[in-house]
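# Coordinate inspection notes
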Amino acid sequence: MGITIRKGIPTRCFSKNIPNLTVGIGGDRLEVGIHVNNEQVYSETLFPVNATITVSELGNLLTSYVRRPLVAQCHITMEEYKNGSATDRSSIDFTLVYCEADVSTSCDDFCNNHFLSLLIGTKITAVGRLEYLHYVGNDAANVTAYYTDGSTQSYGVTPMSSNPTFTTIDVSPKGYMQPGKALRG
């Protein structure tokens, strides 16, 4: 039979909301290892019940390892054994995003559609204020300035700082002023 992943883990998930991993095996035990950013944090021999193994409470196990870097690469290895011999191998890779809150949507949905929408209400700033935006990832950023005459202008933004995990951009109003135009609040 080999290893059959019955319920896997999405390619990106919040640390608090990692779903259970359920696998079916034909052997008599499964060696499971978990690495977070290439550091082994879990290594156990698990035994099936009715040819099924469920690894649960992964959020409780892994959240502390992603608290400092905020985003981590996770690698789960599984090796099935039957009568003392390895019979199958499988692995799962996913990105873990630190989150202590129990969020009711997927990490992908939240990061793609809701991230800034949690800042409920109108945000007002003023010329002369420094405004920085920090975000997870290295994606290029664009800022759209809205002017009181109804026009808009899109700007590409050069990161102020960046590493493989985070990017910081300056979104201060002074960077989007145009002669003869006033920024809309």
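What comes next is a walk through the structure. Chains are numbered independently. Their residues run from 1 in the order of the written sequence. Confidence filtering applies because this is a predicted model: local features only for residues at pLDDT of at least 70, side-chain atom pairs given and counted only at 80 or more, and all residues used for totals across whole chains, interfaces and linings. Think of the side-chain values as coming from all heavy atoms in the structure, minus any hydrogens and water.

Here we come to the pairing of strand 11 (residues 152-157). Two strands pair if DSSP finds at least two bridges between them. The helix and strand labels rest on DSSP assignments: H or I over at least four residues marks a helix, E over at least two residues marks a strand, and numbering proceeds from the N terminus. Pairing between strand 10 (residues 141-146) and strand 11: six bridges, direction antiparallel. If you follow alanine 141 over to strand 11, its bridge partner there is valine 157. Hairpin connection, strand 10 to strand 11: the antiparallel pair is bridged by five residues, and glycine 150 has positive phi, about 90°.

The next thing to look at is a nonpolar patch on the surface. Nonpolar side chains (Val, Leu, Ile, Met, Phe, Trp, Tyr) are joined into patches within 5 Å and like charges within 9 Å, using only residues with over 30% relative accessible area and no salt bridge. Calculation of accessible area relied on Shrake-Rupley with a 1.4 Å probe; when residues are assessed, cover is drawn exclusively from the protein chains displayed. By convention in these notes, a salt bridge is any Lys or Arg side-chain nitrogen within 4 Å of a carboxyl oxygen on Asp or Glu. Taken together, the side chains of Leu130, Tyr132 and Met160 make up a nonpolar region of the molecular surface, amounting to roughly 310 Å² of accessible area. Following the sequence through the fold, tyrosine 132 ends up in strand 9 (residues 132-136).

With that out of the way, let us pick up the sheet that holds strand 8 (residues 85-97). Here we have five strands laid out as an open sheet, ordered 2-8-7-4-5, and mixed in their pairing. Every interior strand has two partners, whereas the edge strands, strand 2 (12-14) and strand 5 (39-46), have only one. On average, adjacent strands in this sheet sit at an angle of 25° to one another, irrespective of strand direction. Pairing geometry for strand 2 and strand 8, over three bridges, is parallel. Bridge pairing in strand 8 links cysteine 13 to leucine 96. Sitting on the sheet, helix 1 (residues 58-66) is in contact with strand 4 (29-36), strand 5, strand 7 (71-82) and strand 8, with an inclination near 30° to strand 4. Geometry is summarised by axes, namely lines fitted to C-alpha atoms with helices restricted to the contacting stretch, and by angles between N-to-C directions that run from 0 to 180 degrees. Contacts are assigned to residue pairs that have any heavy atoms within 4.5 Å of one another.

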